[in-house]
Amino acid sequence: MIKTEELIALSDRYVMSTYKRFPIVLSRGLGVHLWDNDGKQYLDLVGGIAVCALGHSHPRVVEALKRQLELLTHVSNLYHIENQIHLAQLLVENSCLDKVFFCNSGAEANEAAIKLARKYGSEKMEGKYEIITMQDSFHGRTLATVTATGQAKFHAGFAPLPEGFRYVPYNDLAAIEAAVTDRTLAVMVEPIQGEGGVIIPAPGYLPGIRRICDQRGLLMIVDEVQTGMGRTGTLFACEAEEVVPDMITLAKAMGNGFPIGALLAVERIAAAFVPGSHGSTFGGNPLATAAGIAVLETFFDEGILDNCRRVGAYFLERLAELKAKNAKVKEVRGKGLIIALELTVPGADIVLECLKRGLLINCTGGNVLRFVPPLILTKTNVDKAVGILAEVLEA
Ligand SMILES: *Cc1c(COP(=O)(O)O)cnc(C)c1O
């Protein structure tokens, strides 16, 4: 077996350096645990960044993928694909939207939403094209979605960026109203800003956006790439506020690690896409949609959303206790199993110390520890994680 240091040297030599990586190579996973090449075990509170909602190597997902792999992997969207049809039906019947377009990632789902909105705008809204997005948002890395992303650091060096985006502060309805012009087509928003540091808006924010969109005749696009698929305790985060957006985008947890994304839209707007308008070679292929079906069925059969709510609430309680005892903790916030511990000190060293002690966590924005673990997490897992965190924060 190649040694970890040798692998990392090869990585430095051959892999483009787009990520700052921790010096481990993970080679095996089961449930909420991962093992590295040297056999060390980790409790995983990153979950592939909100992807592995059912944990690693979930038997039902593994079985569905194996079965499909032996039957048919790929055929192209020139033909009808049975799994794609079933998954679309599952998504529609469990949401308030009517039609689904499948792709392979969150950026692609948002790219599709932007294109569908513009197509609808060009045909039904006198050519309106401008999309209002939020400061500190995150919508992806393609040119359009990185432009939709309201963070200058992601734009640097990529000019010229596509036109037609305008940024306003998050959690500020008056700012949206003030930014609407006769060019405005849509408002695009995350129910909770994940990459932005688990920023949770005030109750009524999403319904407020819906109201503004209705009053001003705008489309409402909700980016649920991170918050969707049960992360906040309901299948979609906007469900909890009884908001019906015109479009929802999904990806991260949809395939439990198998790449798949989706754009959901209401009928009226979905109709702007006709054969030839948009496409994706791999989007919704038999294998990816087999994973998607297995994930949703397991969610419903095994009470995953209920576990997410219960264990998420317990995790928040335990972190509140930690905050009461430790001055390095500035704030605890979260919903379901998207949780943040904002620190008064930089998070990078804390993350590294946790890793040494067998706990994988993520840091965003410099001082926000973000927990987006598998939704199958148990209270025992939480106790172990909080124990390690307490030890590291006290050091
Ligand atoms: C991760 C993320 C994306 C981008 O998804 P990719 O699959 O990396 O393209 C878009 N929006 C939100 C809210 C995300 O969290």
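Residues numbered from 1 in each chain as written. Predicted model: local features only at pLDDT ≥ 70, side-chain atom pairs only at ≥ 80, totals over all residues. Heavy atoms only, no water.

**Quick notes on the nonpolar core**
To keep things clear, this is the line we draw: We define a nonpolar core as any set of buried Ala, Val, Leu, Ile, Met, Phe, Trp, Tyr and Cys residues linked to one another through side-chain atoms lying within 4.5 Å. Buried means the residue's accessible area, taken with a 1.4 Å probe over protein chains only, is under 20% of the maximum for its type, while exposed means over 50%, and partly exposed covers the values in between. Two residues form a contact once any of their heavy atoms are found within 4.5 Å.
Residues M247, F315, L319, L341 and F371 are the most contacted members of the largest nonpolar core, which totals 110 residues. Apart from residues no more than four positions distant in its own chain, F371 is found in contact with L45, F315, L319, L337, I338, I339, L341, I361 and L389. Residues V198, I338, A340 and V372 belong to the second largest nonpolar core, which totals seven residues.

**Comments concerning the site of the ligand**
Formally: Whether a residue is near a molecule or strand is decided by its heavy atoms; if any one of them lies within 4 Å of it, the residue is near. Polar contacts, as counted here, are pairs of nitrogen or oxygen atoms within 3.5 Å of one another; within protein the pair requires one atom able to donate a hydrogen and one able to accept it, and residues that are adjacent in sequence qualify only if both atoms are side-chain atoms. Computed with a 1.4 Å probe, the accessible areas rest on the Shrake-Rupley method; for each residue, only the protein chains presented here act as cover. By the criteria applied, helices consist of DSSP H or I runs no shorter than four residues and strands consist of E runs no shorter than two, each listed in order from the N terminus.
Near the ligand there are 13 residues, and of these G106, A107, D223, Q226 and K252 occur at the shortest range. G106 is positioned with one of its backbone polar atoms (N or O) 2.8 Å from an oxygen atom of the ligand. Within the contact set of the ligand, an oxygen atom lies 2.7 Å away from a side-chain nitrogen or oxygen of Q226. Calculation on the ligand without its partners gives an accessible area of 380 Å², and the protein chains cover 82% of this total. Broken down by element, the shell around the ligand gets its largest block of residues, three residues, from helix 5 (residues 106–124).

**Some thoughts on the domain arrangement of the protein chain**
In plain terms, the rule: For the domain bounds, the source is a domain assignment made automatically or taken from a database. Throughout this description, the term salt bridge denotes a Lys or Arg side-chain nitrogen within 4 Å of a carboxyl oxygen of Asp or Glu. Residue polarity is assigned by list, with Asp, Glu, Lys and Arg as charged and Ala, Val, Leu, Ile, Met, Phe, Trp, Tyr, Cys and Pro as nonpolar; anything else, Gly included, falls into the polar class.
When the domains of the protein chain are assigned, the result is domain 1 (4–57 + 303–394) and domain 2 (72–301). Measuring from the centre of the C-alpha atoms in domain 1 to the corresponding centre in domain 2 gives 26 Å. Contact with domain 1, which involves 26 residues of that partner, is made by 25 residues of domain 2. There are one salt bridge connecting domain 1 and domain 2. For R370, the salt bridge identified is with E195, shortest N-O distance 2.9 Å. Applying the counting criterion to the domain 1 and domain 2 interface returns 14 residue pairs in polar contact (both at pLDDT 80 or more). The greatest single-element share of the side of domain 1 that touches domain 2, amounting to four residues, is contributed by helix 12 (residues 304–325). For the side of domain 1 that touches domain 2, the class distribution of residues is 17 nonpolar, five polar and four charged.

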